[in-house]
Amino acid sequence: MLGSLARWLRFFGFDTEFCGPELDDREVRYRAGTEGRWLLTRDRELASKGPRTMLVRSEDLNDQLVEVFARLSLRPAANLAASRCGECNGVLETADTDTVREQVPPYVRMTAERFRRCTRCGRVYWPGTHTLKIINTMSAVVARLDP
Ligand SMILES: [Zn+2]
């Protein structure tokens, strides 16, 4: 239920794994514990059981981000400098244009100046109009946090 939240926490640069419905509560809790993670959930029962667990109350994505940052005392920067792969949480590394040739549209290949590639799934990222939209949303969220 928190897939969008997970993706956006990754954009902000937070190491965020996502557990789908295939894992039961015990497995989710075990995994969070062994990996030293906070467990974020919308499930009241799961949230009531253990340490380092947070019940996410908001339904709206931006509200959820504000809620999580406030509760965990996080003060993220509104940029993509530290972002991780939104799809898989992999670390991004700089990639040369030559090495991403097959993975990006011709127009992007000619115009984008910087590429980053996910070290886990191989997805390629580049600055574009979508990045501006993401950064605008990030700025709006960060602006709502207490100083
Ligand atoms: Zn990835």
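Since we're looking at a predicted model, the values are computed, not measured.

S.K.: I keep staring at the coordination of the zinc ion and nothing clicks. Help me out?
M.R.: Note on metal sites: the ideal angle is 109.5 degrees for four tetrahedral donors, and 90 or 180 degrees for six octahedral donors. Donor atoms from the polypeptide that coordinate the zinc ion comprise Cys85 (SG), Cys88 (SG), Cys118 (SG) and Cys121 (SG), at 2.3 Å from the metal. For the zinc ion, the four donor atoms are set out with angles of 96 to 116° between them, so the coordination reads as tetrahedral. Along the chain, the residues donating to the zinc ion are arranged with the sequence spacing C-x2-C-x29-C-x2-C. For Cys118, a relative accessible area of 2% puts it in the buried group. Looking at Cys121, the relative accessible area reads 43%, which means it is partly exposed.

S.K.: Just checking my understanding: could you explain helix H2 (residues 25-34) for this structure?
M.R.: In an α-helix there are 3.6 residues to a turn, and that puts residues three or four apart on one side. Of the residues that open H2, the one with a side-chain oxygen 3.1 Å from the backbone nitrogen of Arg26 is Asp24. Directly beyond the C-terminal end of H2, a positive phi value near 65° is found at Gly36.

S.K.: Quick question: what am I supposed to make of the layout of surface pockets here?
M.R.: Over the atoms rolls a probe the size of a water molecule, and in doing so it shows where empty space is left. Volume-wise, the largest pocket comes out at about 820 Å³. Lining the largest pocket are 29 residues; nearest its centre among them are Glu17, Trp38, Leu39, Leu40 and Thr41. Of all the elements in the fold, those that place two or more residues in the lining of the largest pocket are helix H1 (3-11), H2 and strand E1 (39-41). Among the elements that make up the lining of the largest pocket, the one with the highest residue count is H2 (four residues). The residue inventory of the lining of the largest pocket, partitioned by class, reads 19 nonpolar, three polar and seven charged. Taken as a whole, the second largest pocket encloses approximately 480 Å³ of empty space. Lining the second largest pocket are 23 residues; nearest its centre among them are Leu80, Tyr125, Trp126, His130 and Thr131. Residue assignment for the lining of the second largest pocket shows that the elements contributing at least two residues are H1, strand E4 (115-118), strand E5 (124-125) and helix H7 (129-143). If you tally residues by element for the lining of the second largest pocket, the top one is H7, at five residues.

Reading guide: rules and limits
Residues numbered from 1 in each chain as written. Predicted model: local features only at pLDDT ≥ 70, side-chain atom pairs only at ≥ 80, totals over all residues. Heavy atoms only, no water. Donors = N, O, S within 2.8 Å, 3.2 Å for Na, K, Ca; no water. Tetrahedral: all angles 85-135°; square planar, octahedral: opposite > 155°, others 65-115°. Buried < 20%, exposed > 50% of the residue type's maximum accessible area, 1.4 Å probe, protein only. Polar contact = N/O pair within 3.5 Å; in protein donor to acceptor, adjacent residues only side chain to side chain. Helix = DSSP H or I, 4+ residues; strand = E, 2+ residues; numbered from the N terminus. 1 Å grid on protein atoms, 1.4 Å probe; cavity = no way out; pocket = protein on both sides within 12 Å on 5 of 7 lines; lining within 4 Å. Points joined across faces, edges and corners; volume = space filled by probe spheres on them. Nonpolar A, V, L, I, M, F, W, Y, C, P; charged D, E, K, R; others polar.

Remember, this is a structural readout, not a statement about activity or role.
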